Amino acid sequence: VCDFRTQDVELGGQGAPLVPIGDRLLFSNYDFCLNLGGFANVSMEIDGERIAYDICPINIVLNYYIKPLGLDYDDKGEIASKGKINEKLLNALNTLEYYTQSFPKSLGLEWVKTEIIPLIDSFNLSIKDILRTFCEHIAIQISNEINSKKNSNVLITGGGAYNDFLLSRLRHYTKTEMHIPENSIVEFKEALIFGFLGVLKLREEVNCLRTVTGASKDHSSGNVFYP
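A quick note: this is a predicted structure, and the numbers were derived from the prediction, not measured.

With respect to the pairing of strand β1 (residues 32-36)
Regular strands have side chains that alternate between both faces of the sheet.
Right, so step 1: Within β1, four of the five residues are buried, which leaves the element mostly enclosed by the surrounding structure.
Right, so step 2: Taking the residues that link successive antiparallel strands as the turn, the β1-strand β2 (residues 39-46) hairpin has two residues.
Right, so step 3: By the bridge criterion, four bridges tie β1 to strand β4 (residues 153-157) in an arrangement that is parallel. Bridging from a neighbouring strand, C33 pairs with L155 of β4.

If you want it as structure tokens, here you go:
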């Protein structure tokens, strides 16, 4: 079972995100499902409907600035933890227009290249100060979204779940109870849910939600190929 996006696009949707149906059915005991990958994205229930959107860039920016040091990523955020926050850059990042938009909304590499990288580079900061400032930016933006519900809990997955420093800053700003599951869920939650999408398709049950893709209706998407 594959090609889950085409039918959704034909129904007027964006073909993404597809993971929120799995968040709803497999991880319903969490108020928020937060993925810390290239971008931070979140899904939640609002008035009985599943809502999902991108919050801000994460590893796509952090990894970009760590590469000149010969590293693929900042292990546990140790280099970021040694930097200093540049308040002017932090304020400039936090006032970008995207953060004032209401959902549904999404981010991509081109937006990072045109809005984030040139802005950061204009300050001529050291790598550790860039990482420190951007981690603060990430924590602030995520907290703005998940502080909306009192006494809530959040499931955290994706590579950012291993960034201890980033998580410490997120805890500083949030009032939610954060849960980091076993490594297999942290790293493969999306793959797990795509397999689940296939199961739903074979049952002809809904696996695409109009509230997150913008399609005209909920539907069971995907093509089935038999050997």
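Having seen the model, we can carry on.
As for helix α8 (residues 164-173)
Right, so step 1: Regarding α8, the residues found buried are F165, L166, L167, R169 and L170.
Right, so step 2: Along its buried surface, α8 packs onto β1, α4 (78-81), α7 (127-146), β4 and β5 (177-179).

A closer look at the nonpolar core
Right, so step 1: Core analysis: the biggest nonpolar cluster contains 45 residues, and L34, I116, I120, I142 and I156 have the highest contact counts within it.
Right, so step 2: With seven residues, α7 is the single largest residue contributor to this core.
Right, so step 3: Beyond its immediate sequence surroundings of up to four residues, I156 is in contact with L34, L36, A161, L167, L170, M178, H179, I180, P181 and V186.
Right, so step 4: Grouped together as the second largest cluster of nonpolar side chains are ten residues, F4, I21, L197 and L200 included.

Side note on the packing of helix α3 (residues 59-66) against α7
Right, so step 1: Relative orientation of the contacting elements α3 and α7 amounts to 175°, with a least axis distance of 10 Å. The pairing of α3 with α7 is recorded here as roughly antiparallel in orientation. Side by side, α3 and α7 meet where V61, L62, Y65 and I66 of the first sit next to I127, I130, L131, F134, C135 and I138 of the second.
Right, so step 2: When the residues that make up the contact of α3 with α7 are grouped by side-chain class, the tally is ten nonpolar, no polar and no charged.

Re the pairing of strand β3 (residues 49-57)
Right, so step 1: With respect to burial, β3 is a largely interior element, eight of its nine residues being buried.
Right, so step 2: Across eight bridges, the pairing between β2 and β3 is antiparallel. Across the sheet, the residue bridging to M44 is I51, located in β3.
Right, so step 3: Following β2, the chain reverses through two residues before pairing antiparallel with β3; D47 in that reversal takes a positive phi of roughly 55°.

Brief notes about the state of the cysteines
Right, so step 1: For the coordinates displayed, the defined rule picks out zero disulfides.
Right, so step 2: As a non-bridged cysteine, C56 has C135 as the owner of its nearest cysteine sulfur, 10 Å distant.
Right, so step 3: Here C56 falls in the buried class, since its relative accessible area comes to 0%.
Right, so step 4: Lacking any disulfide linkage, C208 is separated from the closest cysteine sulfur, that of C2, by 13 Å.

Some remarks on the sheet that holds β5
Within a sheet, neighbouring strands are paired by backbone hydrogen bonds and run either parallel or antiparallel to one another.
Right, so step 1: In space, the five strands of this open sheet follow the order β3-β2-β1-β4-β5, with mixed pairing throughout. Pairing within the sheet leaves two strands with one partner each, and these edge strands are β3 and β5. Put simply, the sheet's adjacent strands are angled 20° from each other on average, direction ignored.
Right, so step 2: Here five bridges tie β1 to β2, and the two strands are oriented antiparallel to one another. Bridge pairing in β2 links F32 to M44.

Details of the side chain of T157
Right, so step 1: Positionally, T157 belongs in strand β4.
Right, so step 2: Note on T157: relative accessible area 1%, which makes it buried.
Right, so step 3: The residues contacting T157, other than those within four sequence positions of it, are L34, N35, L36, P181, I185, V186 and K189.

Notes on the side chain of T174
Right, so step 1: Along the chain, T174 falls in the loop between α8 and β5.
Right, so step 2: Here T174 falls in the buried class, since its relative accessible area comes to 11%.
Right, so step 3: Of note is the side chain of T174, whose polar atom sits 2.9 Å from the backbone oxygen of L170.
Right, so step 4: Apart from the residues lying within four places of it in its own chain, the contact partners of T174 are S143, I146 and N147.

Rules used throughout
Residues numbered from 1 in each chain as written. Predicted model: local features only at pLDDT ≥ 70, side-chain atom pairs only at ≥ 80, totals over all residues. Heavy atoms only, no water. Buried < 20%, exposed > 50% of the residue type's maximum accessible area, 1.4 Å probe, protein only. Helix = DSSP H or I, 4+ residues; strand = E, 2+ residues; numbered from the N terminus. Pairing = 2+ DSSP bridges. Contact = heavy atoms within 4.5 Å. Core = buried A, V, L, I, M, F, W, Y, C linked by side-chain atoms within 4.5 Å. Axes fitted to C-alpha atoms, helices over the stretch in contact; angles between N-to-C directions. Parallel < 35°, antiparallel > 145°, perpendicular 65-115°, else oblique. Nonpolar A, V, L, I, M, F, W, Y, C, P; charged D, E, K, R; others polar. Disulfide = S-S within 2.5 Å. Polar contact = N/O pair within 3.5 Å; in protein donor to acceptor, adjacent residues only side chain to side chain.

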